[in-house]
Amino acid sequence: VQGHMNDTQFSSQNSRLTLQATSKVATADLKGSLEVDFLGNAPNGLNVTTNSNTLRMRVFWAQYRQGAFEFLAGQSWSLMTPNRNRLSPETADVFFSQTVDPNYQMGLTWGRTMQFRVTARPNDIFTTAVSVENPEQYVGGGVKLPAAFPSGEVDTGASVNDVPNPFPDIIGKIALDPKIGRAH
């Protein structure tokens, strides 16, 4: 701040609300999860009006589990995002920091994407999953593309979602969680 003046700004934007519902139908387990925060598109002059932070959906998915198999549909953490525990879609089981900055750690691959996921967990040590996820060739505005590269093939941060995505992303992942310390 010019003149080395101190500035205090309180905000509830990084506050999160989570709703989770579970049920059982015969031998199958059903689970639904909705997680939101207030980091949506904040209007100009937010702090000088009524602090009406915009609600934003983080995850919203439903899961059907029968025996060793799980089927998930909705917006969840991408399989590209590292896990702390097995291949769980739960936010607590995904590897990201809980720092004040909600943009997570530099270099950490993450996404919360619309997807359909099949997970197999034959035992407590081995888990495998395949997901069909919403594609997005995002490179950001700071990337200098080669002159001959057709820039319309990637999202450089435009506010319009007009990048051609003819096929979904298909991501496979395997996790081993031996009972030795905290290995994953």
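Here, the structure is the one placed above.
Residues numbered from 1 in each chain as written. Predicted model: local features only at pLDDT ≥ 70, side-chain atom pairs only at ≥ 80, totals over all residues. Heavy atoms only, no water.

Help me understand the environment of Val 36 in this model?
Relative to the elements of secondary structure, Val 36 occurs in strand S2 (residues 28–37). As for Val 36 and Leu 19, which are separated by 17 residues in sequence, their C-alpha atoms are 8.9 Å apart. The contacts of Val 36, once residues within four sequence positions are left out, are Ser 15, Arg 16, Leu 17, Leu 55, Arg 56, Met 57 and Arg 58. (Helix = DSSP H or I, 4+ residues; strand = E, 2+ residues; numbered from the N terminus. Contact = heavy atoms within 4.5 Å.)

Before we go on, may I ask you to explain the packing of aromatic side chains in this structure?
The full count for this structure, using the stated rule, is 2 aromatic pairs. Here Tyr 64 and Phe 71 contribute two aromatic rings whose centre-to-centre distance is 6.3 Å and whose plane-to-plane angle is 35 degrees, an arrangement assigned as tilted. Residue Phe 71 is classed as partly exposed on the basis of its relative accessible area of 39%. Ring centres 6.1 Å apart and planes at 55 degrees place the aromatic pair Trp 77 and Trp 110 in the tilted group. Here Trp 77, found in strand S4 (residues 69–77), pairs with Trp 110, found in the loop between S4 and strand S5 (112–120); they are 33 residues apart in sequence, far enough to count as distant. Trp 110 sits in the partly exposed class, given a relative accessible area of 31%. The cationic tip of Arg 112 hangs over the ring face of Trp 77; the distance from NZ or CZ to the ring centre is 5.2 Å. (Phe/Tyr/Trp six-rings, centres within 6.5 Å; stacked < 30°, edge-to-face > 60°. Buried < 20%, exposed > 50% of the residue type's maximum accessible area, 1.4 Å probe, protein only. Lys NZ or Arg CZ within 6 Å of the ring centre and 35° of its normal.)

Help me understand the nonpolar core, please; the structure alone is not making it clear to me.
What tends to happen in soluble globular proteins is that the nonpolar side chains get buried as a cluster. Membership of the largest hydrophobic core is limited to 7 residues, which are Val 59, Trp 61, Leu 72, Trp 77, Val 94, Phe 96 and Leu 108. Among the secondary structure elements, those contributing two or more residues to this core are strand S3 (56–66) and S4. Membership of the second largest hydrophobic core comes to 5 residues, among which are Leu 79, Ala 129, Ile 171 and Ala 175. (Core = buried A, V, L, I, M, F, W, Y, C linked by side-chain atoms within 4.5 Å.)

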